[in-house]
Amino acid sequence: MKIAVAEINIGALLYNVEVVRKLAPTSKILAMIKANAYGHGYLEVAESLTNVDAFGVARLDEAIKLRDAGVKKSIVLLEGFFDKDELMIIAEKQLETVLHNKQQVIDFINADLPQPIKVWLKLDTGMHRIGLAPEEMASCYNQLTQHKNILATPTILTHLACADELEHPLNNQQINLFNQLCLDIEGERSIANSAAIMSLPETHLDWVRPGIMMYGASAMADSDAAEHDLKPVMTLKSSVIAVRDVPKGGSVGYGATWVAKQNTKIAVVAIGYGDGYPRNAGNGTPVLINSIEYPLVGRVSMDMITVDLGQSTEIKVGDEVILWGEGLPIERVARHANSIAYELLCGVTGRVTKQYKN
Ligand SMILES: *Cc1c(COP(=O)(O)O)cnc(C)c1O
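Report follows, based on the coordinates. No experiment lies behind these values; they were computed from the predicted model shown.

1. Here's the deal with the overall build of the chain
Phase 1 of the analysis: Secondary structure assignment for the chain yields 11 helices and 18 strands.
Phase 2 of the analysis: Expressed along its principal axes, the backbone C-alpha trace of the chain runs to roughly 75 × 45 × 35 Å.
Phase 3 of the analysis: Considering only residue pairs separated by 6 or more positions, the chain has 64% of its internal contacts joining residues 24 or more positions apart.
Phase 4 of the analysis: Within the structure as shown, the chain displays about 15700 Å² of accessible surface, and the carbon and sulfur contribution to it stands at 49%.
Phase 5 of the analysis: Separation between the mean location of the 33 positive side-chain charges and that of the 42 negative ones in the chain comes to 5 Å.

Structure (structure tokens):
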């Protein structure tokens with residue numbers, strides 16, 4: 001019996017990368033494998049992604065683990081170093097780093113490095129999270145370009161706040177400011193995350209930075225992945241461990257929040273928030289059993305959920321259950337849980353067994 005298994009379809013992963021290639025045929029691909037490859041297992045994903053040009057991670061220890069496991073491709077630290085001592089490791093491990101504030105630029109210039117490092121310079125064009133302010137850009141760039149610590153010309157990047165909303169005015173403001181700031185400088189350029197890859201071709205430039213779309217979920221606020229020809233990579237599965245009769249007026253689960261309006265049968269499925277199934281998933285969240293959708297009812301427990309099968313059913317203990325993935329878009333489940341596909345994927349816990357298949 002499958003109890004909390006995440007099947008990872010490597011064929012779908014590679015297929016989705018080809019979708020990226022078709023959308024942005026002249027761009028290089030910086031594949032985002034931060035946060036354990038969005039919950040899919042960073043090492044297996046990195047080793048499978050032979051069709052990308054570089055990897056992006058958010059933490060130094062993720063990058064070190066990849067290098068130490070023998071990953072040879074470029075690895076970019078998206079937020080740079082948090083402590084200047086880390087620069088030595090970045091150089092030794094031949095990692096690449098983003099520089100996103102003046103202090104990082106100063107620390108980089110003053111470091112006594114064993115070898116030069118490839119640098120990505122991040123500009124804040126309006127998201128106001130990380131990045132150099134427009135007025136800091138020229139002086140930082142000039143200090144860096146001829147410096148002994150730098151390998152090649154910096155690549156310039158920025159991040160869009162609203163790429164998943166096509167009509168949002170901030171998109172054009174950010175793109176225009178970026179282009180203006182880059183006007184007189186050399187170096188490769190990068191703007192596009194998944195949403196921009198899908199919907200803003202003018203942002204593709206030298207490097208695209210896909211994350212969520214590689215994993216087969218939509219980056220757009222209002223559409224599912226299949227509409228973009230993406231295939232789900234993770235299918236989260238479990239099994240029915242009990243089928244019970246609940247009489248009209250009987251409640252189900254903690255807090256007795258759901259009450260049967262008529263006699264019904266309830267399936268108990270062995271997955272819960274201890275596995276990363278979202279506790280906020282409300283009554284009516286779709287659950288797929290033997291290819292038929294049933295509504296989740298009652299609160300999500302740590303190890304179990306309960307599903308309303310209706311008055312008569314053929315479903316029995318041991319039947320396979322799909323929580324999201326093939327046949328059930330994760331975006332739909334996320335909407336019922338007031339969440340997004342990103343959070344659900346990253347939230348799958350270590351208790352869930354990953355099974356890789358081609
Ligand atoms: C995570 C990340 C991405 C990928 O975003 P998706 O929406 O998952 O495609 C792109 N760029 C940067 C800088 C990131 O941190």
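2. Things to note about the site of the ligand
Phase 1 of the analysis: Taken together, the neighbourhood of the ligand is formed by 13 residues, with K34, Y38, S194, I212 and Y342 sitting nearest.
Phase 2 of the analysis: Between a nitrogen atom of the ligand and a side-chain N or O atom of R209, the distance comes to 2.9 Å.
Phase 3 of the analysis: Of the residues that constitute the shell around the ligand, the class distribution is six nonpolar, four polar and three charged.

3. Section: the packing of helix 6 (residues 102–110) against helix 7 (residues 134–145)
Phase 1 of the analysis: Running from N to C, helix 6 and helix 7 cross one another at 10 degrees; their axes reach a closest spacing of 11 Å. As judged from the angle between their axes, helix 6 and helix 7 are roughly parallel. Regarding helix 6 and helix 7, the two cross each other, and that crossing is left-handed. Residues K102, V105, F108 and I109 of helix 6 touch helix 7, and the partners they reach there are E136, C140, Q143 and L144.
Phase 2 of the analysis: Looking at the contact of helix 6 with helix 7 residue by residue, the class counts come to five nonpolar, one polar and two charged.

Here is what the cut-offs are and how they apply
Residues numbered from 1 in each chain as written. Predicted model: local features only at pLDDT ≥ 70, side-chain atom pairs only at ≥ 80, totals over all residues. Heavy atoms only, no water. Helix = DSSP H or I, 4+ residues; strand = E, 2+ residues; numbered from the N terminus. Contact = heavy atoms within 4.5 Å. Areas by Shrake-Rupley, 256 points an atom, 1.4 Å probe, with all protein chains shown as cover. Lys, Arg positive; Asp, Glu negative; His and termini not counted. Charge placed at Lys NZ, Arg CZ, Asp CG, Glu CD. Near = heavy atom within 4 Å. Polar contact = N/O pair within 3.5 Å; in protein donor to acceptor, adjacent residues only side chain to side chain. Nonpolar A, V, L, I, M, F, W, Y, C, P; charged D, E, K, R; others polar. Axes fitted to C-alpha atoms, helices over the stretch in contact; angles between N-to-C directions. Parallel < 35°, antiparallel > 145°, perpendicular 65-115°, else oblique. Left-handed = near helix turned anticlockwise from the far one by under 90°.

These results come straight from atomic positions and should not be treated as a statement about function.
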